[in-house]
Amino acid sequence: MSNLDELLNLSLEDKHIIAEYIWIGGSGTDLRSKARTLPGPVSDPKQLPKWNYDGSSTGQAPGEDSEVILYPQAIFKDPFRRGHNILVICDAYTPQGVPIPTNKRAAAAKVFAQKEVAEEETWYGLEQEYTLLQKDVKWPVGWPVGGFPGPQGPYYCGTGADKAWGRDIVNAHYKACLYAGIQISGINGEVMPGQWEFQVGPALGISAADQLWAARYILERITEIAGVVLSLDPKPIEGDWNGAGCHTNYSTKSMREEGGFEVIKKAIEKLGLRHKEHIASYGEGNERRLTGRHETADMNTFSWGVANRGASIRVGRDTEREGKGYFEDRRPASNMDPYIVTSMIAYTTILWKP
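What you see is a predicted model; the values in this text were computed from it and never measured.

> What am I meant to see in the packing of aromatic side chains here?
Between two aromatic rings, the relevant description is the distance of the centres plus the angle of the planes. All chains considered together, the criterion is met by 13 aromatic pairs. Note on Y21 and W51: the rings are 5.2 Å apart at their centroids and 80° apart in plane angle, and the pair reads as edge-to-face. Taken together, the residues Y21 in strand β1 (residues 17-24) and W51 in strand β3 (residues 51-54) connect sequence positions 30 residues apart. Here the aromatic cluster, defined as three or more aromatic residues joined through ring pairs, consists of F112, Y124, Y250 and F327. It is K50 that lies over the ring of Y71; its NZ or CZ is 4.1 Å from the centre. When the ring centre of W352 is taken as reference, the NZ or CZ atom of R274 above it lies at 5.6 Å.

Shown next as structure tokens:
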């Protein structure tokens, strides 16, 4: 009698592969997936068949017309099944080919396909903060149930059993993303204990958003295995505790060339003129985080500065010194949709004419 591990690790000898189709659910933040068998290895999403699902069960279609169609858009190696098995990031359409309301990728793809945007070769570095919660009580891992640890200070990039809680999950996720082919560039413990961060990028255009969603899916699967709950709430614990964001680092080809700092300053000026529109699209519950405290700018005011983590936009010392480089938009919440945020920044800084 085989045990479960033996069966899970059975080799299919490339006679078949399993493709896990992944899409965003009705809340705009939940991830759904289901698997299908394919006759052999696939390396291009265009080779994959479209598929359908019951949108009435995900809050994305009425029961009397529930069929929603998945369009494969990006492929990653599957770190769970391994071999030639794959994870497939999809977006969702009606049977008539119209993007459903929660499909934000389709609109983003149109922005990135614009000639002016494509020529600028937009790079993104996405800093995804998240909190690990105890499953039964929805309280951060390592925290006493119903109580609090010592105040913030020793936890950021901290080491030790009394400072860093959940590191095995974080390291497993790091390696799984590297295996999958995601451009994950680093991890670190955050200011609030039980909170961590990983970074995706620099990545080009819409691929940065595809990769962040794939990394979120992998993290959800790993926390599922570990019996821990993943939270992307921008302020999971009220009081004198840091919130969680998804700081978005951004540059264009013009910003990376000589004289780029002047291009950066003009882009920041345009972002300031559309501050309210950006804030409205940067994540649910962000008003609980962007208070002007805990390394944030107040959401009602726009500001920028060099090396200032209390500003809406931070420019690094290296960028100022070299006269070219990138800037960081610190406003997006941890639960932001990267398709919306990346395309909106590109639209405002490149396409929008004040």
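Next comes the rest of the account.
> Looking at this model, I keep getting lost on empty space enclosed by the protein. Mind explaining?
If a probe the size of a water molecule is rolled over the atoms, the empty space left behind becomes visible. Taken as a whole and assessed by the stated rule, the structure comprises 4 cavities of 30 Å³ or more. Each pocket or cavity is described by its volume, and for the largest cavity that value is around 90 Å³. Looking at the lining of the largest cavity, the elements with two or more residues in it are β1 and β5 (86-93). In terms of residue class, the lining of the largest cavity is built from 6 nonpolar, 3 polar and 3 charged.

> What exactly am I supposed to notice about the pattern of salt bridges here?
Close approach of charged atoms allows side chains with opposite charge to pair. Scanning the model with the defined rule gives 17 salt bridges in all. In this structure, R81 and D78 form a salt bridge, with 3.5 Å as the shortest nitrogen-oxygen distance. Judged by relative accessible area, R81 falls into the partly exposed class, the value being 34%. Given a relative accessible area of 0%, D78 falls into the buried group.

> Just checking my understanding: could you explain the UniProt feature "domain: GS beta-grasp" (unreviewed entry) in the protein for this structure?
Using the residue numbers shown here, the UniProt feature "domain: GS beta-grasp" (unreviewed entry) corresponds to residues 17-97. Structurally, residues 17-97 comprises 0% helix and 48% strand, and the distance from its first C-alpha atom to its last is 27 Å.

> Please clarify how the packing of helix α7 (residues 260-273) against helix α10 (residues 338-351) should be interpreted in this entry.
The axes of two packed helices give the description: the angle between them and the distance between them. The N-to-C vectors of α7 and α10 enclose an angle of 115°; their axes lie 9 Å apart at closest approach. Classified by the angle their axes make, α7 and α10 are roughly perpendicular. Classified by chirality, the crossing of α10 by α7 is right-handed. In this structure, α7 contributes A267, K270 and L271 to the contact, and α10 contributes T348, T349 and I350. Tallied by class, residues from the contact of α7 with α10 come to 3 nonpolar, 2 polar and 1 charged.

> Sorry, what's going on with the layout of surface pockets here?
The calculated volume of the largest pocket comes to roughly 780 Å³. Taken together, 28 residues make up the lining of the largest pocket; nearest its centre are N9, P79, F80, R81 and R82. Elements supplying a minimum of two residues to the lining of the largest pocket: α1 (4-8), β1, α4 (167-180) and α5 (206-226). The element best represented in the lining of the largest pocket is α4, accounting for 5 residues. Along the lines of polarity and charge, the residues of the lining of the largest pocket split into 15 nonpolar, 6 polar and 7 charged. Roughly 390 Å³ of volume is contained in the second largest pocket. Lining the second largest pocket we find 26 residues, and of these E129, E190, H247, E295 and R330 sit closest to its centre. Looking at the lining of the second largest pocket, the elements with two or more residues in it are β6 (123-134) and β8 (195-204). With 3 residues, β8 is the largest single contributor of residues to the lining of the second largest pocket. A breakdown of the residues in the lining of the second largest pocket according to their chemical character gives 3 nonpolar, 10 polar and 13 charged.

> I would appreciate a short explanation of unusual backbone geometry in the present structure.
Excluding glycine, a negative phi dihedral is what most residues carry, and trans is how most peptide bonds are arranged. Note the cis peptide between G201 and P202, where omega equals 5°. The backbone phi angle of K138 is positive, close to 55°, even though this residue is not glycine. Tracing the backbone shows K138 in the loop between β6 and α4.

> Could you clarify how one ought to interpret the sheet that holds strand β2 (residues 31-38) in this entry?
Consider a sheet: its strands pair through backbone hydrogen bonds, and that pairing is either parallel or antiparallel. Taken in spatial order, the 5 strands line up as β2-β1-β5-β4-β3 in an open sheet, and their pairing is mixed. Either end of the sheet is taken by a strand with one partner, and the two such strands are β2 and β3. On average, each strand axis in the sheet is inclined to that of its neighbour by 40°, with strand direction left out of account. By the bridge criterion, 4 bridges tie β3 to strand β4 (residues 67-77) in an arrangement that is antiparallel. Bridged to Y53 within β4 is V68.

> Quick question: what am I supposed to make of the environment of I187 here?
Mapped onto the secondary structure, I187 falls in strand β7 (residues 184-189). Note: C-alpha distance between I187 and V200 (13 residues apart in sequence) is 9.5 Å. If near-sequence neighbours (up to four positions away) are discounted, I187 is found in contact with V170, N171, Y174, E197, F198 and Q199.

The rules we used
Residues numbered from 1 in each chain as written. Predicted model: local features only at pLDDT ≥ 70, side-chain atom pairs only at ≥ 80, totals over all residues. Heavy atoms only, no water. Phe/Tyr/Trp six-rings, centres within 6.5 Å; stacked < 30°, edge-to-face > 60°. Helix = DSSP H or I, 4+ residues; strand = E, 2+ residues; numbered from the N terminus. Lys NZ or Arg CZ within 6 Å of the ring centre and 35° of its normal. 1 Å grid on protein atoms, 1.4 Å probe; cavity = no way out; pocket = protein on both sides within 12 Å on 5 of 7 lines; lining within 4 Å. Points joined across faces, edges and corners; volume = space filled by probe spheres on them. Nonpolar A, V, L, I, M, F, W, Y, C, P; charged D, E, K, R; others polar. Salt bridge = Lys/Arg side-chain N within 4 Å of Asp/Glu carboxyl O. Buried < 20%, exposed > 50% of the residue type's maximum accessible area, 1.4 Å probe, protein only. UniProt positions renumbered as here; feature names shortened; annotations may be inferred. Axes fitted to C-alpha atoms, helices over the stretch in contact; angles between N-to-C directions. Parallel < 35°, antiparallel > 145°, perpendicular 65-115°, else oblique. Left-handed = near helix turned anticlockwise from the far one by under 90°. Contact = heavy atoms within 4.5 Å. Pairing = 2+ DSSP bridges.

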